Amino acid sequence: GEQVEQLPSILRVQEGSSASINCTYENSASNYFPWYKQEPGENPKLIIDIRSNMERKQTQGLIVLLDKKAKRFSLHITDTQPGDSAMYFCAAGATSSGQKLVFGQGTILKVYL
Amino acid sequence: EAAVTQSPRNKVTVTGGNVTLSCRQTNSHNYMYWYRQDTGHGLRLIHYSYGAGNLQIGDVPDGYKATRTTQEDFFLLLELASPSQTSLYFCASSDAGGNTLYFGAGTRLSVL
């Protein structure tokens with residue numbers, strides 16, 4: 001199947017430190033890897049994405065890394081703030097799979113003071 | 001920003017009941033999707049569509065039907081609802097596959 005594994009399921013970090021979430025995928029044809037943030041009671045919203053022609057992408061305090069050989073990608077949040085507390089989902093998509101995204105199980109990030 | 005509207009926002013039905021969830025997007029997107037969100041499983045794709053009259057099977061389609069009547073409207077049908085279908089359902093749209101998904105606010109369904 002086309003599964004995406006996401007770890008950890010819960011992540012607690014102190015304000016100001018960094019947080020990392022890791023995902024692995026099975027479909028070697030996957031070429032699009034977005035990350036979505038879902039705040040409590042809200043819908044998921046795209047925060048950053050990376051395509052297979054890149055290994056690293058950074059926007060504001062977010063960094064995504066992609067290792068195609070290992071079929072692994074990760075999100076790094078630097079200098080975490082209480083507003084970063086939310087559910088985060090990784091996803092993988094492949095043009096050959098009809099453009100559908102397969103999501104990971106989600107990570108609850110809690111930033112404490 | 002893309003507008004995706006789901007209705008109803010909350011629904012309670014009984015086992016064996018008939019439920020229709022509605023989704024409308026007003027940004028001329030070709031692609032529309034139905035996902036369910038459950039703790040420990042993330043977002044799982046039920047059905048999706050490339051355009052009016054088109055339907056593609058997702059990863060967890062059993063017990064669900066869907067219909068795309070227009071470019072704007074995508075419906076999810078549960079004809080014999082079961083307690084296992086209690087979940088939070090999200091509709092989403094995108095202008096092309098592999099691009100940003102815009103999610104609706106969600107429909108919380110309880111099957112008693």
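Refer to the structure above for everything that follows.
The structure displayed is predicted, hence computed values, not measured ones. (Residues numbered from 1 in each chain as written. Chains lettered and ligands numbered in written order. Predicted model: local features only at pLDDT ≥ 70, side-chain atom pairs only at ≥ 80, totals over all residues. Heavy atoms only, no water.)

Check the secondary structure of chain B and you find zero helices and eleven strands. What you see in chain B, going N to C, is helices and strands ordered as β-β-β-β-β-β-β-β-β-β-β. For 112 residues, the compact-globule estimate of 2.2 N^0.38 gives 13 Å, and the C-alpha radius of gyration of chain B, at 13 Å, lies within 12% of that figure. Along the three orthogonal principal directions, the C-alpha set of chain B runs to about 35 × 30 × 25 Å. (Helix = DSSP H or I, 4+ residues; strand = E, 2+ residues; numbered from the N terminus. Rg over C-alpha atoms; globule rule 2.2 N^0.38 Å.)

Time to look at the interface of chain B and chain A. Tallying the contact residues gives 21 residues for chain B and 18 residues for chain A. Buried area between chain B and chain A, both sides added, is near 1600 Å², and the carbon and sulfur share of it is 52%. Inspection of the region where chain B meets chain A yields one salt bridge. For the pair chain B and chain A, the number of links is seven residue pairs in polar contact (both at pLDDT 80 or more). Elements with a minimum of two residues in the side of chain B that touches chain A: β4 (31-38) and β5 (42-49) of chain B. (Contact = heavy atoms within 4.5 Å. Buried area = accessible area lost by both parts, 1.4 Å probe. Salt bridge = Lys/Arg side-chain N within 4 Å of Asp/Glu carboxyl O. Polar contact = N/O pair within 3.5 Å; in protein donor to acceptor, adjacent residues only side chain to side chain.)

With omega at 0 degrees, the peptide bond leading from L7(A) into P8(A) counts as cis. With respect to the helices and strands, P8(A) occurs in the loop between β1 (4-7) and β2 (10-14). Each neighbour pair has its own omega, and for S7(B) with P8(B) the value is -10 degrees, a cis peptide bond. Structurally, P8(B) is set in the loop between β1 (4-7) and β2 (10-13). The backbone of Q60(A) sits at a positive phi, close to 50 degrees, despite the residue not being glycine. Along the polypeptide, Q60(A) turns up in the loop between β6 (56-59) and β7 (62-67). Residue classification places Q60(A) among the exposed residues on the basis of a relative accessible area of 78%. The phi torsion at S28(B) lies on the positive side, around 60 degrees, for a residue other than glycine. (Buried < 20%, exposed > 50% of the residue type's maximum accessible area, 1.4 Å probe, protein only.)

Here we take up the state of the cysteines. Residues and elements named next belong to chain A. Under the counting rule described, the total for this entry stands at two disulfides over all chains. Shown here is the disulfide that connects C23 with C90, its sulfur atoms set 2.0 Å apart. Measuring the twist about the S-S bond at about -105 degrees, one finds the C23-C90 disulfide to be left-handed. Taken together, the residues C23 in strand β3 (residues 19-25) and C90 in strand β9 (residues 86-93) connect sequence positions 67 residues apart. Using a relative accessible area of 0% as the deciding quantity, one classes C23 as buried. (Disulfide = S-S within 2.5 Å.)

Looking now at the pattern of salt bridges. Per the counting criterion, the structure on display carries eight salt bridges over all chains. Several salt bridges share partner residues, and in doing so they unite R36(B), D38(B) and R44(B) into one network.

Another aspect to go through is a nonpolar patch on the surface. Residue and element names in this part refer to chain B. A cluster of nonpolar residues, V12, V14 and L112, forms a patch on the protein surface that exposes about 310 Å² of accessible area. Tracing the backbone through its elements, the reader meets L112 in the segment after β11 (107-111). Using a relative accessible area of 62% as the deciding quantity, one classes L112 as exposed. (Patch = residues over 30% accessible without salt bridge, like charges linked within 9 Å, V, L, I, M, F, W, Y side chains within 5 Å. Areas by Shrake-Rupley, 256 points an atom, 1.4 Å probe, with all protein chains shown as cover.)

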